[in-house]
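What the coordinates show
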Amino acid sequence: MFKEFIQKLKNYNHIGVFSHVRPDGDCIGSQVAFCRWLQKNGYEVSAFNDDDVPENLLFLTDYFPVDKPTDEATGKCDAFIVLDGNAPHRFGSYVKYQNENRRPVMMVDHHPEPEDEFDLSVSVDDASSTCELIYNLYKEHDLDQMDPEAAKALYTGLITDTGSLQFESVKPETMETAAGLLRQGNFRPNEVAEKVFSNQTLPQLRLLSMAMGTIQLFKNNQIAVMTVTKKMLDATGTTNSDTDGFVSYPLSITGIKAAVLLKDVEDDGIKMSLRSKSNVDVNVWARELGGGGHKKAAGAWHEGPLEKAIEETVRIGSKQISELEKTSSL
Ligand SMILES: [Mn+2]
């Protein structure tokens, strides 16, 4: 899988590694583990992200620092790697740096329908996570190069991108990857899980409680909608990033086929997270709203206002559910 990738890397000295904007566990986990791999193999390495690393993932930046890109720092790089996204715009200011001075770029990712904008792509859309792919890179090259830090970083992405190894994307290979990481890194699962999942603040829980109160069900109780507004953030002293993971709560209601979280927290429209636990394809659904993602998890945007965004979103989802019901394939 990585033979050509590893060979091509040898043409360069200083690699700039970008992960996608508004980073998550898979994004930072794969970035940190991959940067350590590059370093072990003699490369100069810089890791970039436009946005702050979320609080619960900050421990990963002790393993490898992730900085905001600058002209000076990107200027040192003779090649770029982009991780956990399959279109240039996912990497924010990466596009600007490439426009100013185009460098060879390689991509490693697991999202469907990648854009053809990269010099080399390792794109595996049935992999659970980009971290699973980076584990394969280590394995194909030399697994002994994986230290406990890299193993914990990859384990982070493995559990955050799979709902703690519960999603449909989890295959026997994913579990084997998890086992390999625990063995190679010599750590227990709770050591990482507690850092990532059990560090909620009281304001975050208060916000969650308010968001729970907004849940509405549609289409014979098969679609759940949850909303978060700027007012709720202000009342609880929280920010947009404190809503991470909220959408899984409405999805856990019995009989629900798909859930949508609408966040009316910025001046320029409404951000939506769509999740499915059925044959409802939220990638197709989000695409009708100008967004996209995976079959089971996707994102979209609506210009608002909130009521209109809910109505249109529910209408599109209901249409898909009706079609699936017709063929008894829901
Ligand atoms: Mn991912």
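Residues numbered from 1 in each chain as written. Predicted model: local features only at pLDDT ≥ 70, side-chain atom pairs only at ≥ 80, totals over all residues.

1. A look at the overall build of the chain
Applicable threshold: For helices the rule is a DSSP run of H or I covering at least 4 residues; for strands it is a run of E covering at least 2, with both sets numbered from the N terminus onward. All radius of gyration figures rest on C-alpha atoms, and the globule criterion is 2.2 Å times the number of residues raised to 0.38. To assign burial, the other C-beta atoms lying within 10 Å of each residue's own C-beta are counted, with C-beta atoms placed from the backbone; 20 or more indicates buried, 12 or fewer indicates exposed, and intermediate counts indicate partly exposed. Throughout, a pair of residues is in contact if the C-beta atoms placed from their backbones lie within 7 Å.
For the chain, the helix and strand inventory stands at 13 helices and 11 strands. The C-alpha radius of gyration of the chain comes to 20 Å, within 12% of the 20 Å expected for a compact globule of 330 residues. Over its C-alpha atoms, taken along the principal directions, the chain stretches across nearly 55 × 45 × 45 Å. A total of 330 residues make up the chain; the buried ones form 43% of that total. By sequence separation, contacts in the chain at least 24 residues apart represent 65% of the contacts at least 6 residues apart.

2. Examining the environment of Leu207
As for its position among the elements, Leu207 is in helix α9 (residues 202–212). Judged by the 22 C-beta atoms lying within 10 Å of it, Leu207 is buried. A sequence separation of 13 residues divides Leu207 from Glu194, and the C-alpha atoms of the two residues are 21 Å apart. The contacts of Leu207, once residues within four sequence positions are left out, are Met232, Leu233, Thr236, Thr238 and Asp242.

3. Section: the sheet that holds strand β9 (residues 270–276)
The cut-off we apply is this: Think of it this way: DSSP has to see at least two bridges between two strands before they count as a pair.
Across the sheet, which stays open at both edges, the 6 strands sit in the order β6-β7-β8-β9-β11-β10 with mixed pairing between neighbours. Each edge of the open sheet carries a strand with a single partner, namely β6 (216–218) and β10 (292–293). Both strand β7 (residues 223–229) and strand β8 (residues 258–264) contribute to a ladder of 7 bridges, which runs parallel. Each residue of the ladder has a partner; that of Val228, found in β8, is Lys263.

4. Things to note about the domain arrangement of the chain
Interface extent is often summarised as the accessible area lost during association of the parts. The cut-off we apply is this: The domain limits used here are those given by an automatic or database domain assignment. Under the grouping applied here, Gly and all other residues not named as nonpolar or charged are polar, the nonpolar ones being Ala, Val, Leu, Ile, Met, Phe, Trp, Tyr, Cys and Pro and the charged ones Asp, Glu, Lys and Arg.
In terms of domains, the chain is made up of domain 1 (3–197) and domain 2 (202–326). Each of domain 1 and domain 2 was reduced to a C-alpha centroid, and the two centroids are 27 Å apart. Facing the 6 residues of domain 1 at the interface are 6 residues of domain 2. Classifying every residue of the side of domain 1 that touches domain 2 gives 3 nonpolar, 2 polar and 1 charged.

5. Some details on the pairing of strand β1 (residues 14–19)
Rules: The crossover handedness rule: strands pointing away from the viewer, path from first strand over the helix to second strand clockwise, crossover right-handed.
Counting buried positions along β1 yields 5 of 6 residues, so the element is predominantly enclosed. With 5 bridges connecting them, β1 and strand β2 (residues 44–48) associate as parallel partners. Paired with Phe18 across the bridge in β2 is Phe48. For the segment spanning β1, helix α2 (residues 25–40) and β2, crossover handedness is right-handed.

6. Observations regarding unusual backbone geometry
In this structure, Pro305 follows Gly304 across a cis peptide bond, with omega equal to -5°. With respect to the secondary-structure elements, Pro305 resides in the loop between β11 (297–302) and α13 (306–326). Notably, Asp84 is not glycine yet its phi reads approximately 65°, a positive angle. Of note, Asp84 is situated in the loop between β3 (79–83) and α4 (94–100). The buried category is assigned to Asp84, around which 30 C-beta atoms lie within 10 Å. Despite not being glycine, Lys219 has its phi angle at roughly 50°, a positive value. Topologically, Lys219 is positioned in the loop between β6 and β7.

7. A short note on the nonpolar core
Which entries qualify depends on this criterion: Nonpolar core, as used here: buried Ala, Val, Leu, Ile, Met, Phe, Trp, Tyr and Cys residues forming one set through C-beta atoms within 7 Å.
Grouped together as the largest cluster of nonpolar side chains are 50 residues, with contacts concentrated most on Val17, Ala33, Val82, Ile134 and Leu154. Sort the elements by how many residues they give to this core and α2 lands first, with 8 residues. Here Val17 is in contact with Gln31, Phe34, Cys35, Val45, Ala47, Phe48, Ile81 and Leu83, once residues within four sequence places are set aside. Counting 32 residues, the second largest nonpolar core, distinct from the first, contains Leu261, Ile270, Trp285 and Ala286.

8. Some details on the sheet that holds β3
To keep it simple, the criterion reads: All axes are obtained by fitting lines to C-alpha atoms, using only the stretch in contact for helices, and the reported angles, taken between N-to-C directions, cover 0 to 180 degrees.
If you trace the 5 strands from one edge of the open sheet to the other, you get β2-β1-β3-β4-β5, paired in parallel fashion. Only two strands of the sheet have a single neighbouring strand rather than two, namely β2 and β5 (120–123). Each adjacent strand pair in this sheet contributes to an overall mean axis angle of 15°, direction not counted. Set on the sheet, α2 makes contact with β1, β2 and β3; between it and β1 the angle comes to about 170°. Strand contacts of helix α5 (residues 130–141): β3, β4 (105–109) and β5, with the helix running at about 115° to β4, the strand carrying the most contacts.

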